[in-house]
Each structure stands twice: as C-alpha cells, then as structure tokens.
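Residue strings, one per chain:
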Amino acid sequence: MEKDLSLLPPVHRGVTSRNLKGVCFALEALNGLATVYFFYYLYFYTEKQFHFHALQNLLLAALVGFVSSVGAFYGGRFAQKFGYLTSIRCGVAVMIVAFMGCSLTSSLWPTIALTMVGSIGMYLTWPAMEALVSEGEPPARLHGLLGFYNFVWAGVAGIAYFTGGAMQQKWGWPISLFYVPSGLLLLEFGLATWLQEKVRQLPAVTEHAAAPLLHSVKEGYRSPVAPATFLKLALVANPMAYLALNTIISSVPSLALRFGLSPKLAGFVCSIWLFARAGAFVALWLWPGWHYRFRFLAAAYVVLVVSFGAMLLVPHLWVLVLSQILLGPAVGLIYYSSLFYSMDVGDTKGEHGGIHEAVIGVGNCVGPAVAAAALEFFPGRPGSGAWAVCLLLAPGLVVLYWMRYRETRPSI
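Report on the accompanying structure. All of these numbers come straight from a predicted model, not from anything done at the bench. (Residues numbered from 1 in each chain as written. Predicted model: local features only at pLDDT ≥ 70, side-chain atom pairs only at ≥ 80, totals over all residues. Heavy atoms only, no water.)

Most of the time, phi is negative for any residue but glycine, and the peptide bond is trans. A positive phi is found at His 51, a non-glycine position, where the angle reads about 60°. Considering the arrangement of structural elements, one finds His 51 in the loop between helix H2 (42-50) and helix H3 (54-82). Located in the positive-phi region is Tyr 292, a residue other than glycine, with phi close to 55°. Assignment of secondary structure puts Tyr 292 in the loop between helix H10 (272-286) and helix H11 (294-313). (Helix = DSSP H or I, 4+ residues; strand = E, 2+ residues; numbered from the N terminus.)

Summed over all chains, the structure comprises five cavities of 30 Å³ or more. In this structure, the largest cavity encloses a volume near 470 Å³. Sorting the residues of the lining of the largest cavity by element identifies helix H1 (18-39), H2, H3, helix H5 (108-134), helix H6 (139-171), helix H8 (227-259) and helix H13 (349-377) as the ones contributing at least two each. Of the residues contributing to the lining of the largest cavity, the split by class is 16 nonpolar, six polar and three charged. (1 Å grid on protein atoms, 1.4 Å probe; cavity = no way out; pocket = protein on both sides within 12 Å on 5 of 7 lines; lining within 4 Å. Points joined across faces, edges and corners; volume = space filled by probe spheres on them. Nonpolar A, V, L, I, M, F, W, Y, C, P; charged D, E, K, R; others polar.)

In this section: the environment of Val 314. Position of Val 314 among the secondary structure elements: in the loop between H11 and helix H12 (317-345). Judged by its relative accessible area of 27%, Val 314 is partly exposed. It is 9.4 Å that separates the C-alpha atoms of Val 314 and Gly 383, two residues lying 69 residues apart in sequence. (Buried < 20%, exposed > 50% of the residue type's maximum accessible area, 1.4 Å probe, protein only.)

Below, the discussion takes up H6. When the terminal C-alpha atoms of H6 are compared, their 46 Å separation across 33 residues agrees well with the 48 Å that a helix rising 1.5 Å per residue should span. In the structure, H6 departs most strongly from a straight axis at Gly 164, where the bend amounts to approximately 35°. Residue Gly 172 follows H6 closely and has a positive phi angle near 95°. (Expected span 1.5 Å × (residues − 1). Bend = angle between axes of the 7 residues up to and from the residue.)

Let us look at the packing of helix H4 (residues 84-103) against H5. Packed helix pairs are characterised by how far apart their axes lie and by the angle those axes make with each other. The interhelical angle for the contact between H4 and H5, taken along N-to-C directions, is 155°, at an axis separation of 8 Å. The angle between the axes of H4 and H5 places the two elements in the roughly antiparallel class. The hand of the H4/H5 crossing is left-handed. Considered class by class, the residues forming the contact of H4 with H5 number 17 nonpolar, eight polar and no charged. (Axes fitted to C-alpha atoms, helices over the stretch in contact; angles between N-to-C directions. Parallel < 35°, antiparallel > 145°, perpendicular 65-115°, else oblique. Left-handed = near helix turned anticlockwise from the far one by under 90°.)

Here is the structure:
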C-alpha cells in the first residue's frame, strides 16, 4: 500500500525526541570539526602552496565571507522550504565534492573556485543545524538547548584548531586539509540520512501556545528595551565581532611568522580564544541573567575591540595569550546574543538562522577586506590592517547605544 505523503510530518520540523536530539548534536560536532579543519587551516595551505602573504590571505578571507553571506541567506530559505535535514545533506554533499576537488588540483584558481563552492555548502548546513535543534521546542527548553548547541560547536572548533596543525605536520596537507574533513562529512551525511528517516516516523508534535513574548526568562519582561530591539542590536554586534574574528583567522599565518611558530605550535597557541569562547558559552548557558540586558552586550563589544587590537598589534607572546583569554568570552556573548534572540523572537527558525549566519558572513567579508585595503595603501606599515579594522569597529559601539536609546519598549 502506498504511503500517503500528507500524513508525513512537515519536512522542516525540528527533532523534539530526546532520544534523537543527541544525534542532532553529533551532526553538529562532525560539521564543526570538518569545517574548521578546512576553512581555518586554508590560509596556512595557501601560504605554503601559493606563497600567499598577509594581503592575499585577507583578500581570500573577504571573498569567502562574501560568498558565505549570500549562501547563508538563501541557505536559510532553502532549509525552511525543503527541510532542515535535506538542506544539511545537500550542504554536506557539496562540501565533500569541493574538498575532494581541491585535493586533485595544485592550481590557484581552481582551488579558490572550489573553496567558494565549499563555503556555499557549509552555509546550507549551519542555518538548518540551528533550526533543527530549536524548532518545536517549548520556550522553557530553548535556552538550555541553545546553550548546549553553542558549547558543542565551539568546543569542537577549539579541538579542531588545536589538533589541525599537529595533524598537518604528521600527515601532510592532503590528509589533514582534504581527506579528514571529507571523511567526517561522509559520516555526517550517513547520520543525517538515517535521522531523516527516523524523524519522518515521529508523530506530529502539538504546537506550543504563542506568548506575547516568546523568551522564557522572567527578567526579560522587565527590560526597558523591546525584545525585537535586542534582536536588531545583536544582528549589528555579531557581524562586527566576526569582522574582527575572520581578520584574525586569516592573519594567523602572519602571526606565526612573527613569533616563529610552526603550524602545529600556532594551532596550540592560537586556539586559546576558541576554548575561552566555549567556556564562556557554558557560563552563559548556566546563567541566563544576561538575557535582554544591554550593558552585557555593550561591555562585550568594548572588550572585543581592545583584545583584537592587542592580539594583532602588540609583539609579545604573553599579550597574544592574554588577549585571547579576553577575546573568547566577548565574542561568545555577542554570538550567543545573536543566535538566542534570532531563535527566541522569530517563528521561522530556518530563515532566521539564515539571517543570523548571513550577517556573520557580512562581517567575515568586510573585516579582511578593510584590512587588505589598508595594507595595499600602506604597504610599509604591517599593522595598518589591524588599525583599520579597529577604527571600523569603534563606531559600532556608538551605533549600538543609538539603537538602544532610540527604540523604547511599547506599553503593554
């Protein structure tokens, strides 16, 4: 007897079964490991294979950021329309093809083209991954789920960056940059296919009654700023944070050269901020008092600017370490704010997740592009790129305060 497709759950539904929710986090971990191994160590590879310097790596990072921004925006819409697990599987397949294609060429332009294809694939996965975890969950559980979600991807990102350089030194670039990520993605594809079949067998979930405000933290109701305004604030602050982060990631080969570090040691030293961010996610997960509190977002932004400048401009190893310890919690709170408010205020989780990732892509593009332009115009000043990004970050704080005091919460 042919199955009536109308009886199947909507394809975009999240996974609310506690037994299957763990599989979602396993997918997230595999995706995080694979993407960090490739996209974070790409700049060491281009330095070695194509003799890229700081300027060329920054331009490459800006291009990846631009493509990612467009890919994330439409990736979120794709996931909302065709299903979260379908989007994840498509993105994973695209990345496998791109990564393996890179392993088959030693030419510059095919490598860049395939990297862009891989970045599109990556952003078919992340918006859907975020929505898969949060869709259909009651507000009371949303905070905890997003907290664990953030800890998983941030934790594996730290592990991947910490081990990626050592893996490259032991096995070489083809294995560490192409084969290992592709193998992880192949496992993710199989797991996502299995999960999709299991989800289709689940009974329909009763919709939770909508509340005037969807967030579950009681203190949020007393905030003088409307929840929708916090979403706007976070969507401004988050790309500014990634404006700094993608500049740092693409500049690590230059930092390694300055301090005489091999890729292995650079991975050890420059993964500190990733682990600090993961630790911050745990603290923010366990303590919800920062929700709908503007002062925490503003303070994190100030620390972001100071730590970014110190990390790239001060030529002392101890400053590099200390600045990362400060940078991690700052970007953690800014990122968490953007994701939490995106999932808490909006109903279309996939589309909001896509917007969340798209604005990250904007920051990933603008930061390296501005730094590259500064190096082009001031080639005799190696720190000009970092200074230019700092000058670009500074007005962002003014914009946040202007937005916060321009919009007041409507009377209820």
